[in-house]
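An overview of the molecular structure
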Amino acid sequence: MALKKKKAPPSIPVSSMADIAFLLLVFFMVTSVLDTDPDLPIALPDVPGGEQLNKKIANLYLSADKEKSIYFNQVRMPLNEAINNVRAKLATTPDLKVLIHADKELDYADLDNVFELLKEAGALKISLVTKTTQGGGLK
């Protein structure tokens, strides 16, 4: 009578699982888009419970500090030049969102003027960026 060899129980090789997890982590880190707000010294107004914007969509940043200096995507320039840049970008990609970072000490009349200029330039999606705080609703 022949002796049967005892078979080793089947096993799953897990030594390469860590390598695969690491490669996936590196892949997602490299392919993700990090879009940050402009790093300008602008004191944004506080709004309780504001709406969060989707950061993965490309945006145009128009900023103004309390001295009324205008920045288009962090580059300082005159207002009419910034509006022309917005017009040019919107001509190629009409559904871009224009985010306005305005200092809380600016006059509303100045902001209204910028909104009108952006509307004439063809900007359909304009948002005024604020700092969001906890809470929301009226008190």
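Quick caveat, the model's predicted, so the values are computed rather than measured. (Residues numbered from 1 in each chain as written. Predicted model: local features only at pLDDT ≥ 70, side-chain atom pairs only at ≥ 80, totals over all residues. Heavy atoms only, no water.)

1. Remarks on the nonpolar core
For clarity, the cut-off: Nine residue types can take part in a nonpolar core, namely buried Ala, Val, Leu, Ile, Met, Phe, Trp, Tyr and Cys, and a core is a set of them joined through side-chain atoms within 4.5 Å. Using a 1.4 Å probe on the protein chains alone, a residue whose accessible area is under 20% of its type maximum counts as buried, one over 50% counts as exposed, and one in between counts as partly exposed. The numbering of helices and of strands both runs from the N terminus, where a helix is a DSSP run of H or I of at least 4 residues and a strand a run of E of at least 2. Residues count as neighbours in contact if any of their non-hydrogen atoms are within 4.5 Å of one another.
Judged by nonpolar contacts, the single largest core of 20 residues is most densely connected at Leu62, Phe72, Val86, Val98 and Leu118. Mapped onto this core, the elements with two or more residues apiece are β2 (59-64), β3 (70-72), α2 (79-92), β5 (97-102) and α3 (108-121). Beyond its immediate stretch of four places on either side in the chain, Phe72 contacts Leu60, Tyr61, Leu62, Met77, Ala82, Asn85, Val86 and Lys89.

2. Overview of the sheet that holds strand β6 (residues 125-128)
How we decide: Here, strands pair whenever DSSP counts at least two bridges between them. Lines fitted to C-alpha atoms define the axes here, with helix axes fitted over just the stretch in contact, and angles between the N-to-C directions of these axes take values from 0 to 180 degrees.
Read from one edge to the other, the open sheet built from five strands follows the order β4-β3-β2-β5-β6, with strand pairing classed as mixed. Edge positions in the open sheet fall to β4 (75-76) and β6, since each of these has one partner strand only. Examined bridge by bridge, β2 and β3 share three bridges and lie antiparallel to one another. Looking at β3, one finds that Ser63 is bridged to Tyr71. Contacting β2, β3 and β5, α2 runs over the sheet at an angle of about 20° to β3. On top of the sheet, α3 reaches β2, β5 and β6; it is set at about 165° to β5, its chief contact.

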